[in-house]
Amino acid sequence: MTQQEFQEKLMQLMSRAMEQGNQISREAVEEDFSDGEFEEEQLNLVYDFLLSRGIRVEGYEKQQEEEVELSPEAEAYLKSYEEELAAVKVYSEQEIDELILAVRRGEDEPRERLAEAMLKEIPSMARNLYHPDVLMPDLIQEGNLFLVIGINNLIGRAELDPEEARRELLRSAREGMETLSEQLKDVKQQNRRMVGKVEELKDNITVLKDELGRKVFLDELAQFMDISEDEAADILKLAGEDVPEDEEDTPE
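Note that residues are indexed from 1 along each chain, following the sequence as it is written. Only residues with pLDDT of at least 70 are given local features in this predicted model, and only at 80 or more are side-chain atom pairs given and counted; all residues enter the totals for whole chains, interfaces and linings. Neither water nor hydrogens contribute to the side-chain values; these are computed over all heavy atoms in the structure.

Undergrad: Honestly, the overall build of the protein in this entry has me stumped. Any pointers?
TA: Across its full length, the protein holds 11 helices and two strands. When the helices and strands of the protein are placed in sequence order, the string is α-β-α-α-β-α-α-α-α-α-α-α-α. A simple rule labels every residue: compare its accessible area, found with a 1.4 Å probe on the protein chains alone, to the largest value its type can have, and call it buried under 20%, exposed over 50%, or partly exposed in between. In the protein, which comprises 252 residues, the proportion classed as buried is 37%. Whether two residues are in contact is decided by their heavy atoms, any of which lying within 4.5 Å being enough. Contacts in the protein between residues at least 24 apart in sequence constitute 68% of all its contacts with a sequence separation of at least 6. Here a helix means four or more residues in a row that DSSP labels H or I, a strand means two or more in a row labelled E, and each is numbered from the N terminus.

What follows is the structure, given as structure tokens:
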């Protein structure tokens, strides 16, 4: 498969996922890339890319990275949140099973109680998925949100027994948190790369001014950095630098 064919497949996959509410199954991804060229490690990169674009991949759990130590702020928030949960009623396994069955039947009130019963699982997930680029409150909130979404998805699912339903709820919460984490990490990385480009551009302007002994023009800067003039212009805006497009733009 050529690079262009790969990109086209990826764009088609993203389009399908967006039509399905920004989610797609792992099986669907594997089917699209089932020509034998992609090993599991490469497919995992595709899943991670989709997560970074806000697309949940059902059935995929991101491989654990090295454990990251929580920041003092994240630790304090998590401790406070766990203290709040300690004041919530503790549900027995049997009570949770009964709530799941009631939700499956479409009863409204048990949905809130089931969410309350399952919230205790969120802090440990948040601890495992924590990354310095992701605020702990945002991670917790996303886990809670997708737990509720998972509960709503149980309605009418008579084929699921309580144990399977519980696993699905935890998977829903985890996938939501992973998607948020990948999105925010990707944004942070892009921002860091852009900051690096801004610093590089400023350095190059200084070098060119010293070499030429005059004002630097946009086309010269772009050629020197081996980038397009449009890209150079965008970075210049961020850098707050004034580089004219050509000599005609230079004030007399």
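Once the structure has been displayed, the description carries forward.
Undergrad: Help me understand unusual backbone geometry in this model?
TA: Note: most peptide bonds trans; most residues except glycine with negative phi. Here Asn 22, not a glycine, exhibits a phi torsion of approximately 60°, which is positive. For Asn 22, the position within the fold is in the loop between α1 (3-19) and β1 (23-25). Relative accessible area serves as the criterion here: at 34%, Asn 22 is assigned to the partly exposed category.

Undergrad: How should I be thinking about the pattern of salt bridges in this particular structure?
TA: A pair can form between side chains of opposite charge whenever their charged atoms are brought close. Each salt bridge in this description consists of a side-chain nitrogen of Lys or Arg and a carboxyl oxygen of Asp or Glu lying within 4 Å of one another. Considering all chains together, one arrives at 13 salt bridges under this definition. Here Arg 26 ties to Glu 30 by a salt bridge, and the two come within 3.2 Å at their closest N and O atoms. One end of the pair is Arg 26 and the other is Glu 30, both in helix α2 (residues 26-32) and four residues apart, which spans about a single turn. Among the residues examined, Glu 30 registers a relative accessible area of 31% and is labelled partly exposed. A salt bridge links Arg 166 to Glu 93, with the nearest nitrogen and oxygen atoms 2.1 Å apart. With Arg 166 in helix α9 (residues 162-212) and Glu 93 in helix α5 (residues 93-104), this pair connects stretches of sequence that are 73 residues apart.

Undergrad: Looking at this structure, I do not really get a negative patch on the surface. What am I missing?
TA: Among the surface-exposed residues, Asp 219, Glu 229, Asp 230 and Asp 234 lie close enough to one another that they form a single negatively charged patch. Among the elements that make up the negative patch, the one with the highest residue count is helix α11 (residues 229-239) (three residues). Of note, Glu 229 is situated in helix α11. Residues enter patches when they are more than 30% accessible in relative terms and free of salt bridges; like-charged ones are connected within 9 Å and nonpolar ones (Val, Leu, Ile, Met, Phe, Trp, Tyr) within 5 Å. Here, Shrake-Rupley sampling with a 1.4 Å probe gives the accessible areas, and only protein chains in the shown set may cover a residue. For the purpose of counting charges, residues Lys and Arg are taken to be positive, whereas Asp and Glu are taken to be negative. His and the chain ends are not included. To locate a charge, take NZ of a lysine, CZ of an arginine, CG of an aspartate or CD of a glutamate.

Undergrad: What should I look at first to understand the environment of Lys 209 in this one?
TA: Mapped onto the elements of the fold, Lys 209 is located in helix α9. Lys 209 gets classed as partly exposed once you look at its relative accessible area, which sits at 41%. Dropping the residues within four chain positions of it, Lys 209 is found in contact with Arg 214 and Val 216.

Undergrad: Sorry if this is basic, but what is going on with the environment of Ala 232 here?
TA: If you trace the backbone, Ala 232 turns up in helix α11. Taking the C-alpha atoms as reference points, Ala 232 and Leu 221, 11 residues apart in sequence, are found 7.4 Å from one another. Excluding residues within four positions of it along the chain, Ala 232 makes contact with Leu 201, Leu 218, Ala 222 and Ile 227.

Undergrad: Even after reading the chapter, I still don't get the packing of aromatic side chains, so can you show me in this structure?
TA: A ring pair, where both rings are aromatic, is described by two values, the distance of the centres and the angle of the planes. Pairing of aromatic side chains requires ring centres within 6.5 Å, counting the rings of Phe and Tyr and the six-membered ring of Trp. Pairs whose planes differ by under 30 degrees are stacked, by over 60 edge-to-face, and all others tilted. Inspection of every chain in the model, using the stated rule, returns two aromatic pairs. Between the aromatic rings of Tyr 47 and Tyr 60, the centroid separation amounts to 4.6 Å while the plane-to-plane angle is 45°, which identifies the pairing as tilted. With Tyr 47 in helix α3 (residues 40-52) and Tyr 60 in the loop between β2 (56-58) and α4 (72-86), this pair connects stretches of sequence that are 13 residues apart. The residues Tyr 47 and Tyr 60 share a single accessibility class, namely buried. Geometrically, the ring pair formed by Tyr 77 and Tyr 81 is stacked, given 6.5 Å between the ring centres and 10° between the ring planes. Here Tyr 77 and its partner Tyr 81 are both found in helix α4, four residues apart, which amounts to about one turn of the helix. Tyr 77 gets classed as partly exposed once you look at its relative accessible area, which sits at 32%. Among the residues examined, Tyr 81 registers a relative accessible area of 9% and is labelled buried.

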